[in-house]
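# Notes for the structure review
Below are the chains, spelled out letter by letter.
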Amino acid sequence: MSSKVVKFGGSSLADAKQFEKVAAIIKSDEKRRFVVPSAPGKRFSDDIKVTDMLYKCCEKAGSGIDFTEDFRLIKDRYNDIISQLGIDMSLDDEFEKIVNELKARPAKDYAASRGEYLNGKVLAKYLGFNFIDAAEVIIFDTKGSLLLDDTVKAVRARVKGLDNAVIPGFYGRTTEGIVKTFSRGGSDVTGSIVANAVRAEIYENWTDVSGFLVADPRIVQNPDVISVITYRELRELAYMGASVLHEDAIFPVRSADIPINIRNTNRPEDDGTMIVSNDYDFSRESMKHTITGIAGRKGFSTINIEKAMMNSEKGFGMKVLKVLFENGVSFEHMPSGIDTMSITVDSSELAPVREKVIAGIRKEVNPDHIEIEDNIALLAVVGRRMKNTRGTVARIFASMAHARINVKMIDQGSSELNVIIGVSENDLPEAIRRIYDMFINSEK
Ligand code: ASP
């Protein structure tokens, strides 16, 4: 039977009401057979996630401070859910085990993992689904890197013959049997791995937004939701700071060509965003703008180098990049002219070696002039349709010119999937708004 893997984030499982919504979503489609829950998240904006409460208990346990009261609050979270849903179960034995373990061996990953573990137990019982402890099937090496092949094999073997299962997100165990978590937000990764292992037709990632937005809602008011985005586009936008999914959640499903659907637990009627590979049937999507998304990131510097006849000097670029390499600085972009070259780098990487880099470049290529400009923001305009649309770059520049924004750098890769522009950090929000207006509002 084909299946869908459904992952629910912390806000989707923050209290009994949210559990009810989750159960209704799962029960409305019999293919939703494999469920990956997060720990209970925030119920309101200044609430505390259970994961953070557990980290706090562990810290106190490690310093020999009594954490009874902190742990009581955690117990209350689960007990409230259990009693309000009317589930016939008690977690008392589990609670006791966790407290004893924290007192004996206060390990951070173990502590944090209990949020998902307990939530998985409750959800499985509520749904009437099988429970699989993620420590049985999600396997890391002793250094903490995921062993994907072993994990996929273990999940496949464990779910064989089962109609359904709840597998808690965020953690697994090392080959030595020690509980290990992914980095924060890592339940996304578990969901992706399970989807790969059970060869799911889709990986649904249920959260509290109706998908991936065209632009940051803190900058653009009420931006549109992206209906379909390719993995490559997503990577470009995520790199620039747009985030919905854990970065490591892409590979397991992408390599198996399984689409991800970002959905909203509070608005299950919304289609959300489909994240797909390049050969998806794009005629099915509803929104068709030239661009897919816009994202920007601050904190860059450009190293501007000038030298007469630079273009005829063999190995010039190589020598400059060697200086960066030797100082541990990676470069983001490197547009050049006949006698000029400007290299955009992350300011925080450059800061500790700034003088060494300037001296090194002077020594290697003896430029006529070298200067560093800070407080640069990079803005990525991303879209698979730009390749077949003329005038995209002209429109970007027209919108910058109308807003009197000075464009300091432009870079368009040969894939024509994105255009990167460098502007002053102060201009970034307005630049994003103008591009949004030009490509989304005016194409409506
Ligand atoms: N509960 C973990 C966190 O808060 C993992 C997750 O929710 O994905 O980061």
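As shown above, the structure is provided for reference.
Remember, predicted model here, so these are calculated numbers, not experimental data. (Residues numbered from 1 in each chain as written. Predicted model: local features only at pLDDT ≥ 70, side-chain atom pairs only at ≥ 80, totals over all residues. Heavy atoms only, no water.)

The subject of this paragraph is the overall build of the chain. Secondary structure summary: the chain contains 15 helices and 16 strands in total. Along the first, second and third principal axes, the C-alpha set of the chain runs to 80 × 55 × 40 Å. Looking at the chain residue by residue over its 444 residues, the buried ones come to 53%. Taking as baseline every contact in the chain between residues at least 6 positions apart, the subset at least 24 positions apart corresponds to 74%. A total of about 20,600 Å² of accessible surface is found on the chain, and carbon and sulfur atoms cover 47% of it. (Helix = DSSP H or I, 4+ residues; strand = E, 2+ residues; numbered from the N terminus. Buried < 20%, exposed > 50% of the residue type's maximum accessible area, 1.4 Å probe, protein only. Contact = heavy atoms within 4.5 Å. Areas by Shrake-Rupley, 256 points an atom, 1.4 Å probe, with all protein chains shown as cover.)

With that settled, consider helix 11 (residues 316–326). Within the span of helix 11, buried status applies to Phe316, Gly317, Val320, Val323 and Leu324. With its buried residues spanning 125° around the axis, helix 11 presents them on a single face. Those residues of helix 11 that are exposed and angled more than 90 degrees off the buried face are Met318, Phe325 and Glu326. Buried residues along helix 11 sit against strand 11 (293–306), strand 12 (331–333), strand 13 (340–346) and helix 13 (354–365). Of the residues one or two after helix 11, glycine 328 is the one with positive phi, at around 70°. (Arc of directions from axis to C-beta.)

Enumeration over the complete set of coordinates arrives at 26 salt bridges. Its salt-bridge partner being aspartate 52, residue arginine 184 comes within 2.9 Å of it at the nearest N-O pair. Pair noted here: arginine 184 is in the loop between strand 6 (179–181) and helix 8 (187–197) and aspartate 52 is in helix 2 (residues 50–62), with a separation of 132 residues, a long-range link. According to the relative accessible area criterion, arginine 184 is partly exposed, its value standing at 40%. Assessed through its relative accessible area of 30%, aspartate 52 is described here as partly exposed. (Salt bridge = Lys/Arg side-chain N within 4 Å of Asp/Glu carboxyl O.)

We now examine the side chain of aspartate 346. Relative to the assigned elements, aspartate 346 resides in strand 13. Side chain to side chain, aspartate 346 and serine 348 meet in a polar contact 2.8 Å long. Those residues in contact with aspartate 346 that sit more than four places away from it in its chain are Arg297, Gly299, Phe300 and Glu332. (Polar contact = N/O pair within 3.5 Å; in protein donor to acceptor, adjacent residues only side chain to side chain.)

There is a patch of like positive charges on the surface, built from Arg232, Arg235, Arg254 and Lys387. In this fold, arginine 232 is placed in helix 9 (residues 231–239). (Patch = residues over 30% accessible without salt bridge, like charges linked within 9 Å, V, L, I, M, F, W, Y side chains within 5 Å. Lys, Arg positive; Asp, Glu negative; His and termini not counted. Charge placed at Lys NZ, Arg CZ, Asp CG, Glu CD.)

Let us look at the packing of helix 3 (residues 68–85) against helix 4 (residues 92–104). The geometry of helix 3 relative to helix 4 is characterised by a closest axis approach of 12 Å and an angle of 155° between their N-to-C directions. The angle between helix 3 and helix 4 places the two elements in the roughly antiparallel class. Seen along the crossing, helix 3 lies across helix 4 with a hand that is right-handed. Side by side, helix 3 and helix 4 meet where Phe71, Lys75, Tyr78 and Asn79 of the first sit next to Phe95, Ile98 and Val99 of the second. Residue composition of the contact of helix 3 with helix 4, grouped by class: 5 nonpolar, 1 polar and 1 charged. (Axes fitted to C-alpha atoms, helices over the stretch in contact; angles between N-to-C directions. Parallel < 35°, antiparallel > 145°, perpendicular 65-115°, else oblique. Left-handed = near helix turned anticlockwise from the far one by under 90°. Nonpolar A, V, L, I, M, F, W, Y, C, P; charged D, E, K, R; others polar.)

So, about the sheet that holds strand 15 (residues 409–412). Pairing is antiparallel across the open sheet formed by 6 strands, whose spatial order is 12-13-11-14-16-15. Only two strands of the sheet have a single partner each, and these edge strands are strand 12 and strand 15. With strand direction ignored, the average angle separating the axes of adjacent strands in the sheet is 35°. In terms of strand pairing, strand 12 meets strand 13 through 2 bridges, oriented antiparallel. Its bridge partner lying in strand 13, histidine 333 is registered against threonine 344. (Pairing = 2+ DSSP bridges.)

Turning next to a negative patch on the surface. Taken together, the side chains of Glu306, Asp339, Asp368 and Glu371 present a region of like negative charge at the surface. Turning to its location among the elements, aspartate 339 is positioned in the loop between strand 12 and strand 13. Assessed through its relative accessible area of 31%, aspartate 339 is described here as partly exposed.

Once that is clear, we can look at the packing of helix 7 (residues 148–159) against helix 8. Running from N to C, helix 7 and helix 8 point in directions that differ by 65°, and their axes come no closer than 9 Å. Considering their axes alone, helix 7 and helix 8 lie roughly perpendicular with respect to each other. The two elements helix 7 and helix 8 meet at a crossing, and its hand is right-handed. Listed contacts from helix 8 to Leu148, Thr151, Val152, Val155 and Arg156 of helix 7 are Ile193, Asn196 and Ala197. Residue composition of the contact of helix 7 with helix 8, grouped by class: 5 nonpolar, 2 polar and 1 charged.

What follows deals with the pairing of strand 7 (residues 202–207). Taken across its 6 residues, strand 7 has 6 buried, putting it largely inside the fold. Alternating residues of strand 7 divide into Ile202, Glu204 and Trp206 and Tyr203, Asn205 and Thr207, and every residue in both groups is buried. Bridge count between strand 7 and strand 9 (residues 260–264): 5 bridges; the pairing is parallel. Paired with asparagine 205 across the strands is isoleucine 262, a residue of strand 9.

Turning our attention to the sheet that holds strand 3 (residues 139–140). Strands sit in the order 3-5-6 across an open sheet of 3 strands; the sheet is mixed. What marks the edges here is a single partner per strand, and that holds for strand 3 and strand 6. Of the strand pairs in this sheet, strand 3 and strand 5 (residues 171–174) are connected by 2 bridges, and their pairing is parallel. Each residue of the ladder has a partner; that of phenylalanine 140, found in strand 5, is threonine 174. Along the sheet, helix 5 (residues 108–127) makes contact with strand 5 and strand 6, crossing strand 6 at roughly 75°.

That is the geometry; function is a separate question.
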